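Examining the three-dimensional arrangement
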Amino acid sequence: MFCGTAIGMASSASVNSTSTIACKIALIAPAGANLGNPMTYLAKPKLHHPSLTQNKVCHNRRDYEGRISSLCAGCGHDSISAAIIQACFEMDVEPHRVAKLSGIGCSSKTPDYFLGNSHGFNTVHGRMPSVLTGANLANRGLLYLGVSGDGDSASIGIGQFAHVMRRGVNMTYIVENNGVYGLTKGQFSATADQGSKSKKGAINTDTPIDMISLALQMGASFVARSFSGDKQQLVPLIKAAIAHQGAAFIDVISPCVTFNNHPGSTKSYDYVREHNEAVNRVDFIPPRAEIVVDYAEGEVVEVEQHDGSVLLLRKAHGAHDVHDRIAAMNYVATHQAKGEVLTGLLYVDDEAVDLHHHLNTIDAPLFSLGVAELCPGPAVLAKINAGLR
Ligand SMILES: Cc1ncc(C[n+]2csc(CCOP(=O)(O)OP(=O)(O)O)c2C)c(N)n1
Ligand SMILES: [Mg+2]
């Protein structure tokens, strides 16, 4: 079902072709490249410094990279890719155990720029959640990473977004939120704040959709917001979301340097830096690792997840309880009314169960089942039919 590269991104041109494009591509191909399948992208050299450290599954950080990004220099989405790479390297994730899925948009292109050795599926615009749900039901043995944009998830894909959250699909769902349709030249998206200005000066009159509030309302069991420019906050949040056994959602404000990084935008680097209200800082402690705390007790809350991992929350504001869904919704709404961007872990249900639990599905991935398990025989079938008469 999956292939190592996202569908639609690999070139199918032939080197035997006399076309100028193919010849040019062949000229820039690195030594050792497979010239039977010339590339329309720049390949990263495979070489890396010998002193690069390896993690517990014998990979160095570069093994978690993908192709060279074709996004604009300074794009927040590239920082999110770097955070995903760091989180997966530090968590000793085996790349072949990850399935990364996306929709359409600059944000949805990014799975090509990280985890090049993982499974990838670039779906139709806004339809990633249903493909992810199907893949997850077929094979629960993989780690599912859904990557999407505010247009992909809050406009065309909003129905799919709502249902994947309420079903509790075990996944990490990241929205790279820039408030615009970056790929199609900067139209306001549904997350653009009312009254915010486009690059050309138009004012957005529509009420915004807040993805965090929607995810909380729809039943997501891990909800966080972060900023692409704050790796210190984002990396542990991604790790915690990956370890979470349920629907984990992270809304990452990710400025679009080309279409939405001007005064009047509420998704620009300057605006988010000035209005970032971090509710807590998360330290992620993997299962069985020793917990070492170097700050005052009382400011720290421990949250143990199903897999034994522990989240140490250093609270910036004593009042917020991350286990209280309703309080989180109020907290987000109150800060939003003040024009502040609330970041950090906002809600977690450490007892969360996922869609497989609700449906009581078999533990084994479907591909591993043989005829005996899939076809119980005529006697069982007759009994089922009799029960329906
Ligand atoms: C069915 C369909 N409708 C519209 C489009 C045009 N389109 C391509 S990307 C996009 C919006 C992407 O916005 P977002 O998800 O925010 O991604 P960004 O580029 O901002 O990262 C649109 C409307 C499309 N590709 N397919
Ligand atoms: Mg966008």
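In this convention, every chain numbers its residues from 1, walking through the sequence in written order. By the order in which they are written, chains take letters starting at A while ligands take numbers starting at 1. Two thresholds apply to this predicted model, a pLDDT of at least 70 for residue-level local features and 80 or more for giving and counting side-chain atom pairs, whereas whole-chain, interface and lining totals are computed over all residues.

Quick notes on the overall build of the chain
What counts, and what does not: Going along the chain from the N terminus, every DSSP run of H or I of four or more residues is numbered as a helix, and every run of E of two or more is numbered as a strand. Comment: burial labels come from other C-beta atoms within 10 Å of the residue's own C-beta, placed from the backbone, where a count of 20 or more is buried, 12 or fewer is exposed, and between is partly exposed. Residues are treated as contacting if the C-beta atoms built from their backbones sit within 7 Å of each other.
When you go through the chain residue by residue, the secondary structure sums to 13 helices and 13 strands. In the chain, which comprises 389 residues, the proportion classed as buried is 42%. For the chain, restricting intrachain contacts to residue pairs at least 6 apart in sequence, the fraction spanning at least 24 positions comes to 70%.

Regarding the sheet that holds strand β2 (residues 119-122)
Quick reminder of the rule: Two strands pair if DSSP finds at least two bridges between them. Throughout, an axis means a line fitted to C-alpha atoms (over the contacting stretch in the case of helices), and angles, computed between N-to-C directions, take values from 0 to 180 degrees.
Within the open sheet, the eight strands sit side by side as β2-β1-β3-β4-β8-β7-β13-β9. Their pairing is mixed. Every interior strand has two partners, whereas the edge strands, β2 and β9 (276-278), have only one. Taken pair by pair, the neighbouring strands of this sheet meet at an average axis angle of 20°, ignoring direction. In this sheet, strand β8 (residues 247-253) lies alongside strand β4 (residues 171-177) in parallel orientation, the contact comprising seven bridges. Note that in β8 the partner of Glu176 across the bridge is Val252. Against the sheet, helix α8 (residues 231-243) touches β3 (143-149), β4, β7 (222-227), β8, β9 and β13 (341-348), its axis set at about 160° to β7.

Here we look at the site of ligand 1
Test applied: Proximity of a residue to a molecule or strand is defined by its backbone-placed C-beta atom lying within 6 Å of that partner. Gly is placed with the polar residues, together with every amino acid not listed as nonpolar (Ala, Val, Leu, Ile, Met, Phe, Trp, Tyr, Cys and Pro) or charged (Asp, Glu, Lys and Arg).
Taken together, 18 residues sit near ligand 1, with Gly105, Ser107, Gly149, Gly151 and Gly182 positioned nearest. Every element with two or more residues in the shell around ligand 1 is listed here: α3 (106-109), α5 (150-156) and β5 (180-181). Examining the composition of the shell around ligand 1, we find that four residues originate from one element, α5, more than from any other. Tallied by class, the residues present in the shell around ligand 1 amount to six nonpolar, nine polar and three charged.

A short note on the nonpolar core
Rule in force here: By definition, a nonpolar core groups buried Ala, Val, Leu, Ile, Met, Phe, Trp, Tyr and Cys residues that connect through C-beta atoms lying within 7 Å of each other.
Membership of the largest hydrophobic core comes to 75 residues, with the highest contact counts inside it found for Val223, Ile238, Phe249 and Leu346. Sorting elements by how many residues they give to this core places α8 first, with eight residues. Among the nonpolar cores identified, the runner-up in size contains nine residues, and Cys75, Phe188, Ala192 and Phe259 belong to it.

Observations concerning helix α7 (residues 211-218)
Two residues of an α-helix separated by three or four positions point the same way, owing to the 3.6 residues in each turn. Heads up, the condition is: This arc corresponds to the set of directions leading from the helix axis out to the C-beta atoms.
Turning to α7, its buried residues are Met211, Ile212, Ala215 and Leu216. In an axial view of α7, the angular spread of the buried residues amounts to 135°, which keeps them on one side of the axis. Once α7 ends, the next one or two residues include Gly219, with phi positive near 100°.

Remarks on unusual backbone geometry
Not every positive phi belongs to a glycine, and Lys185 is a case in point at roughly 85°. In this structure, Lys185 sits in the loop between β5 and β6 (187-188). C-beta crowding within 10 Å serves as the criterion here: with 10 such atoms nearby, Lys185 is assigned to the exposed category. Although it is not a glycine, Arg288 adopts a positive phi angle of roughly 70°. As for its placement among the helices and strands, Arg288 is situated in the loop between β10 (280-285) and β11 (300-304). A count of 7 C-beta atoms within 10 Å places Arg288 in the exposed class.

A short note on the pairing of β10
By the criterion of burial, β10 is predominantly enclosed, with five of the six residues buried. Two elements, β10 and strand β12 (residues 310-315), share six bridges in a ladder whose sense is antiparallel. By the bridge assignment for β12, Val282 is matched with Leu313.

A look at the sheet that holds β10
Working definition: the strands of a sheet are paired by backbone hydrogen bonds and lie parallel or antiparallel to each other. Spatially, the three strands line up as an open sheet ordered β10-β12-β11, and their pairing is antiparallel. Across the chains shown, the open sheet's two edge strands, defined by having one partner strand only, are β10 and β11. Strand-to-strand, the axes of this sheet are offset by a mean angle of 20°, without reference to chain direction. α8 contacts β10 and β12 of the sheet and is inclined by roughly 50° relative to β10.

Observations concerning the pairing of β11
Regular strands place side chains that alternate from one sheet face to the opposite one. One ladder, built from five bridges, connects β11 with β12; its direction is antiparallel. Bridge pairing in β12 links Val303 to Leu311. Here β11 folds back onto β12 in antiparallel fashion, the turn holding five residues, of which Gly308 has a positive phi close to 95°.

Regarding helix α2 (residues 76-90)
Heads up, the rule is: Expected span of a helix, by definition, is 1.5 Å for each gap between consecutive residues, and there is one gap fewer than residues.
With 15 residues, α2 ought to run about 21 Å at 1.5 Å a step, and its terminal C-alpha atoms sit 21 Å apart, in line with that. Counting buried positions along α2 yields 12 of 15 residues, so the element is predominantly enclosed. The secondary structure elements touched by the buried residues of α2 are α3, β4, α8 and β8. Downstream of α2 by a residue or two, Asp92 has a phi angle that is positive, lying close to 60°.

Observations concerning the confidence of the model for the chain
Keep this limit in mind: Per-residue confidence from the predictor is reported as pLDDT, a score between 0 and 100.
Overall, the prediction assigns the chain a mean pLDDT of 88, with 87% of residues at 70 or greater. Every residue in residues 1-35 scores below 50 in pLDDT, and together they form 46 contacts with partners more than four places removed in sequence or on other chains.

Here's the deal with the environment of Asn178
Within the secondary structure layout, Asn178 lies in the loop between β4 and β5. For the pair Asn178 and Phe188, spaced 10 residues apart in the sequence, the C-alpha separation amounts to 9.5 Å. Look past the residues within four positions of Asn178 in its chain and what remains in contact with it is Gly76, Asp150, Ser254, Pro255, Cys256, Asn260 and Lys267.

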